[in-house]
Amino acid sequence: MFARIWKDHPLRNAMVVAFFFRLVPMLLWIDKPCVRDECTYVDLAASILRGEGMVGTHGWLWAPAYPMLLALHQWLFVLPGSVQLGQLLVATWCVHMLYDLTEAEYGRRAGLWAAWAYALNPTFIFYTSSLWSETFYSGLLIAAMLSLRAARGSLRVGRAVIAGVMLGCCVLFRGVATYMLPVFIAVLTWGRVREAAAWKQAIACAVAAVLVVAPYSVYATTKFGGLVVSDRTLGQMMYLGNNDFPPMTFDYGNGQLATRAYQRAIDSGRKPCKQEGNPVEKDQCEADRGVAWITSHPESFVARIPLRVAQLVTPHSFLTRNLRWGRWRGIPDWGDELLIVGICGFSFATLIGGTIGWFTRAKGWYAAGSGLILFYHVAAIAALAGLSRYRIPLEPLWLVHAAAFFTGPRAAFKTLADGSVRSIVGVFTVCLLLVLMLRFLPSGWPWWREW
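Quick caveat, the model's predicted, so the values are computed rather than measured.

Chemist: How do you make sense of the overall build of the protein chain when you look at a structure like this?
Modeler: Helix and strand counts for the protein chain stand at 22 helices and 0 strands. Taken over the C-alpha trace, the protein chain has a radius of gyration of 22 Å; the compact-globule value for 451 residues is 22 Å, and the two agree within 12%. Each of the three principal axes of the protein chain carries a C-alpha extent, and together these read 55 × 55 × 50 Å. Across the 451 residues of the protein chain, 56% fall into the buried class. Taking contacts inside the protein chain between residues at least 6 apart in sequence as the whole, the part at least 24 apart equals 77%. Roughly 19600 Å² of accessible area belongs to the protein chain as shown, and the carbon and sulfur atoms make up 68% of that amount. Side chains of the protein chain carry 41 positive and 27 negative charges; the gap between the two charge centres is 7 Å.

Chemist: Explanation requested: the packing of helix H5 (residues 83-106) against helix H6 (residues 108-120) in the structure shown.
Modeler: Each pair of packed helices gets described by two things: the angle between the helix axes and the distance between those axes. It is the contact of H5 with H6, at a shortest axis distance of 7 Å, that shows an interaxial angle of 155°. The angle between the axes of H5 and H6 places the two elements in the roughly antiparallel class. Crossing handedness for the pair H5 and H6: right-handed. Packed against H5, whose contacting residues are Ala91, Cys94, Val95, Leu98, Tyr99, Thr102, Glu103 and Tyr106, the element H6 presents Arg108, Ala110, Gly111, Leu112, Ala114, Ala115, Tyr118 and Ala119 at the interface.

Chemist: Explain the pattern of salt bridges to me, please; I cannot follow it from the model alone.
Modeler: As a working rule, side chains carrying opposite charge can pair if their charged atoms are close by. Applying the stated criterion across every chain, the model contains 11 salt bridges. Residue Arg329 is joined to Asp31 by a salt bridge in which the shortest nitrogen-to-oxygen separation is 3.3 Å. Placement of the pair is Arg329 in the loop between helix H17 (318-324) and helix H18 (333-360) and Asp31 in the loop between helix H2 (9-28) and helix H3 (37-49), with a sequence separation of 298 residues. Note that Glu134 and Arg389 form a salt bridge whose closest N and O atoms lie 2.8 Å from each other. One end of the pair, Glu134, is in helix H8 (residues 134-152); the other, Arg389, is in the loop between helix H19 (364-382) and helix H20 (395-406), and 255 residues separate them in sequence. Both residues of the pair, Glu134 and Arg389, belong to the buried class. Several salt bridges converge on common partners, so that one network encompasses Asp37, Glu134, Arg174 and Arg389.

Chemist: Teacher, can you tell me more about unusual backbone geometry here?
Modeler: Trans is the prevailing form of peptide bonds, just as negative phi is the prevailing case for residues other than glycine. One non-glycine residue, Val78, lies in positive phi territory at about 80°. On the secondary structure map, Val78 appears in the loop between helix H4 (65-77) and H5. For Val78, a relative accessible area of 61% translates into the label exposed. Positive phi values are uncommon outside glycine, yet Arg449 reaches one of about 65°. Here Arg449 lies in the segment after helix H22 (421-439).

What counts as what
Per chain, residues are indexed from 1 in the order of the written sequence. Local features in a predicted model are, by the rule used here, given only for residues with pLDDT of at least 70; side-chain atom pairs are given and counted only at 80 or more, and totals for whole chains, interfaces and linings are based on all residues. The basis for every side-chain value is the complete set of heavy atoms in the structure, and neither hydrogens nor water enter the calculation. Runs of E in the DSSP output that reach at least two residues are strands. Runs of H or I that reach at least four are helices, and both are numbered from the N terminus. Atoms counted for the radius of gyration: C-alpha only. Globule rule: 2.2 Å times residue count to the power 0.38. Using a 1.4 Å probe on the protein chains alone, a residue whose accessible area is under 20% of its type maximum counts as buried, one over 50% counts as exposed, and one in between counts as partly exposed. Every residue pair with non-hydrogen atoms within 4.5 Å of one another is taken to be in contact. Surface accessibility follows the Shrake-Rupley procedure with a 1.4 Å probe radius. Residue values consider only the protein chains on display as shielding. Here the positive residues are Lys and Arg and the negative ones are Asp and Glu; neither His nor the chain ends is included. Working definition for charges: the position is that of NZ of Lys, CZ of Arg, CG of Asp or CD of Glu. A fitted line through C-alpha atoms serves as each axis, taken over the contacting stretch for helices, and the angle formed by two N-to-C directions is quoted from 0 to 180°. Working definition: roughly parallel below 35 degrees, roughly antiparallel above 145 degrees, roughly perpendicular at 65 to 115 degrees, and oblique for all remaining angles. A clockwise turn of the near helix away from the far one marks a right-handed crossing, whereas an anticlockwise turn of less than a right angle marks a left-handed crossing. Every case where a carboxyl oxygen of Asp or Glu lies within 4 Å of a side-chain nitrogen of Lys or Arg is listed as a salt bridge.

All quantities given are derived from atomic positions and should not be read as evidence of function.
See below:
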């Protein structure tokens, strides 16, 4: 395999560029301090190394995989930040996986487009060189889709087992993935519901996913005295997104970043459940209060859905916040501005281009699988609280369709204009997405901030 990659010069070059474009910020800003959730990950890793295992943090019980990876890297290399080395390798391999996934669906030219887009995207570069779980979670999603493709192309149950393992790992990285198993079953049986082999693979996939998650679930459930699959953060998200104050987010320009501003906001809402004690009980308390708030304010809940989705699809990312706070020291002002324009450009190309590509070129199992995974995540966030960070792992799956659009735009626009039901729904969806993305476009520039 490595010999084939080395001989494939465009793909090899994309992987080399991805590697060095991520390595440089790691080395240049190796001493930058952690921010918010990054610090929580570091604290959890320290708890694991002290032998305390996973613990609650301010009432949150996080998914275990990323803190455990930080703890492993700190044990091996002294510093928790050394997890970036693992992220560097995963991100570089993601270039190859994306190429394989896209090439199989839309051909070599589209595959190379997707590979280079992933390699050069400044937001992906930022997350690889920071202490966030997005790189690993994104890599697992891409690997899972490749495993599903391999399983569908074979009658062997083992391929489906690998897909189940990938899904189980996704759940251990992000609690939001807990209910994604039906999507994997749908993909495995798509177009072959009458084939016994397909259902054997679906069962094998489900069993493998459960077996991966079960050991930690049993440990955490026993330790905290309440059911824990991977994390218990639903209640906290309900508190942030379904409260008397507007849905909380922490992006630059459209979120509460200052401590005093955040405190003022939460003081205007319902009081949180007590922070001390069992995090499972705390989470259940917040979830119950969130459901009560939704029941009492159904119109507000529905009216806030577009806001949450707009917060999710803002063209900016945490890199915008990072640049505006001056955490990448030494970059001239014009460099910051170019990077922020690049962040937005890649976001629009991926989300708008990917949506056009999905409606005009996508078909078969990958169209169904990528669409269902995206819809599932968006629906979950639309009901809770939006944040640009939550969409980052999903973008590579949509890059596949964006590559199909950008390597054949004329055909795509022709299909959009053919008057079919699919084209009409596609045009409507693209226009709606564009409006939602534009809502917070000005937020990245202090002199603009709003339309």
